[in-house]
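Fold and geometry: a report
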Amino acid sequence: MEARSEEHSLSDKQFKKLCDLVYDSTGIVLAEGKRQMVYRRLMRRIRELKLKTFPEYYALLENNDDTEWPNFLNAITTNFTSFFRENHHFEYLKSEFLPRHCREFGRDRLRVWSTASSTGEEPYSLAITLRDFYGHGVADTDCRILATDLDTNVLETARAGIYDADRIEGLPEAVKRKNFKQRVVDGRALVKVDQELQQLLAFKQLNLMHDWPMRGPFDVIMCRNVMIYFDKPTQAKLLNKFMRLLRPNGVLMLGHSESIAKDFSQLKSDGKTTYIKVA
Ligand SMILES: C[S@@+](CC[C@H](N)C(=O)[O-])C[C@H]1O[C@@H](n2cnc3c(N)ncnc32)[C@H](O)[C@@H]1O
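Residues numbered from 1 in each chain as written. Predicted model: local features only at pLDDT ≥ 70, side-chain atom pairs only at ≥ 80, totals over all residues. Heavy atoms only, no water.

**Description of the pairing of strand E4 (residues 143–149)**
Counting buried residues in E4 gives six out of seven residues, a clear majority hidden from the surface. Between the parallel elements strand E3 (residues 110–114) and E4, the chain passes through helix H6 (residues 121–134) in a crossover that is right-handed. As judged from the five bridges shared by E4 and strand E8 (residues 201–205), these two strands associate in the parallel manner. Residue pairing for E8: Thr148 is matched across the bridge by Lys204. (Buried < 20%, exposed > 50% of the residue type's maximum accessible area, 1.4 Å probe, protein only. Helix = DSSP H or I, 4+ residues; strand = E, 2+ residues; numbered from the N terminus. Right-handed = clockwise from strand over helix to strand, strands pointing away. Pairing = 2+ DSSP bridges.)

**Regarding helix H5 (residues 88–105)**
The terminal C-alpha atoms of H5, which comprises 18 residues, lie 24 Å apart, in line with the 26 Å expected from a rise of 1.5 Å per residue. Where H5 bends most, at Lys94, the angle is about 40°. All of the buried residues in H5 are His89, Phe90, Tyr92, Leu93, Phe97, Leu98, His101 and Cys102. Against the buried residues of H5 lie E3, H6, strand E9 (218–223), strand E10 (246–254) and strand E12 (274–277). (Expected span 1.5 Å × (residues − 1). Bend = angle between axes of the 7 residues up to and from the residue. Contact = heavy atoms within 4.5 Å.)

**Some details on the environment of Asn74**
Here Asn74 lies in helix H4 (residues 68–76). The spatial distance from the C-alpha of Asn74 to the C-alpha of Asn153 is 6.7 Å, given a sequence separation of 79 residues. Look past the residues within four positions of Asn74 in its chain and what remains in contact with it is Leu150, Asp151, Thr152 and Asn153.

**So, the site of the ligand**
The environment of the ligand is made up of 22 residues, and the closest members are Thr81, Arg85, Ala116, Asp149 and Asn225. A distance of 2.8 Å separates a nitrogen atom of the ligand from a polar backbone atom of Ala116. One nitrogen or oxygen atom from the side chain of Asn207 is found 3.0 Å from a nitrogen atom belonging to the ligand. With the chains in place, 99% of the 610 Å² that the ligand exposes on its own is no longer accessible. In terms of residue class, the shell around the ligand is built from nine nonpolar, eight polar and five charged. (Near = heavy atom within 4 Å. Polar contact = N/O pair within 3.5 Å; in protein donor to acceptor, adjacent residues only side chain to side chain. Areas by Shrake-Rupley, 256 points an atom, 1.4 Å probe, with all protein chains shown as cover. Nonpolar A, V, L, I, M, F, W, Y, C, P; charged D, E, K, R; others polar.)

**What to know about unusual backbone geometry**
Note the cis peptide between Gly216 and Pro217, where omega equals -5°. For Phe84, which is not glycine, the phi torsion reads 50° and is therefore positive. Tracing the sequence through the fold places Phe84 in the loop between H4 and H5.

**Quick notes on the domain arrangement of the protein**
Domain boundaries assigned for the protein yield domain 1 (3–76) and domain 2 (88–162 + 192–277). A C-alpha centroid distance of 31 Å is found between domain 1 and domain 2. Facing the 10 residues of domain 1 at the interface are 11 residues of domain 2. Here domain 1 and domain 2 share an interface that buries about 850 Å² over both sides, 49% of which is from carbon and sulfur atoms. On inspection of domain 1 and its partner domain 2, the count reaches zero salt bridges. Put simply, domain 1 and domain 2 have five residue pairs in polar contact (both at pLDDT 80 or more) between them. Counting residues per element, the ones that place at least two in the side of domain 1 that touches domain 2 are helix H1 (12–26) and H4. Residue composition of the side of domain 1 that touches domain 2, grouped by class: five nonpolar, four polar and one charged. (Domains from an automatic or database assignment. Buried area = accessible area lost by both parts, 1.4 Å probe. Salt bridge = Lys/Arg side-chain N within 4 Å of Asp/Glu carboxyl O.)

What follows is the structure, encoded as structure tokens:
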């Protein structure tokens, strides 16, 4: 199938080239079903750059144009997320993992990594969970959450911690009151994440396919709803890299449609898409 517009088109050959470029730079396998979406997003870039054709756009990327690469990566990522998405993980942390962690290591040091944090709803849900457990003053302890993503646009939103009010509509009133401040800006109802929660977080751009600067160890690694975009060999490589940074008895959490191969002996299941690193 050919994706076409009046003046531009994406031939099968060009789509294949695009898939290779995306795979090599991000690990993402672009399915045929994503062709139209990617086409539309890149067309926007091509128009903004006042280019004429896809080959001209590739040439720009192949010449390592530093300004366009982030735009290209931002255009191909899928960033759907929400506060307390797959809430069982946050419940597990509060009622099982954190009490166990405190018994073993005391109340102080805790390192959590949200590896594909998108617009920030996941790491802020983690921060809310930590504060619920440790209480106010949690930012004065040695609990920290690292939130990373490939996409620089979503990181900007995440850092600001400001969302349309309807993003928190489904949360209990008490959770909203405690963790968000209401604002109206230009007639738009917004919420801002409480400052103490922001102090727990550091947002950094990181491509999971590259070398990572962190040394760890992490107590909890969340890698949810991103592995699905990678093929099996990439997933296996990533998993081994996580194992180097996760402490023994630390926890890895995956998204609802992601799982670990049964013969992967370094992890044992501890509930729905939740895995403990074997000590
Ligand atoms: C669907 S969102 C998942 C967000 C959140 N983890 C959740 O479950 O709600 C997937 C995120 O993975 C990020 N991503 C995709 N490929 C990546 C890569 N190679 N390195 C880092 N992040 C990546 C995207 O930018 C996107 O924000």
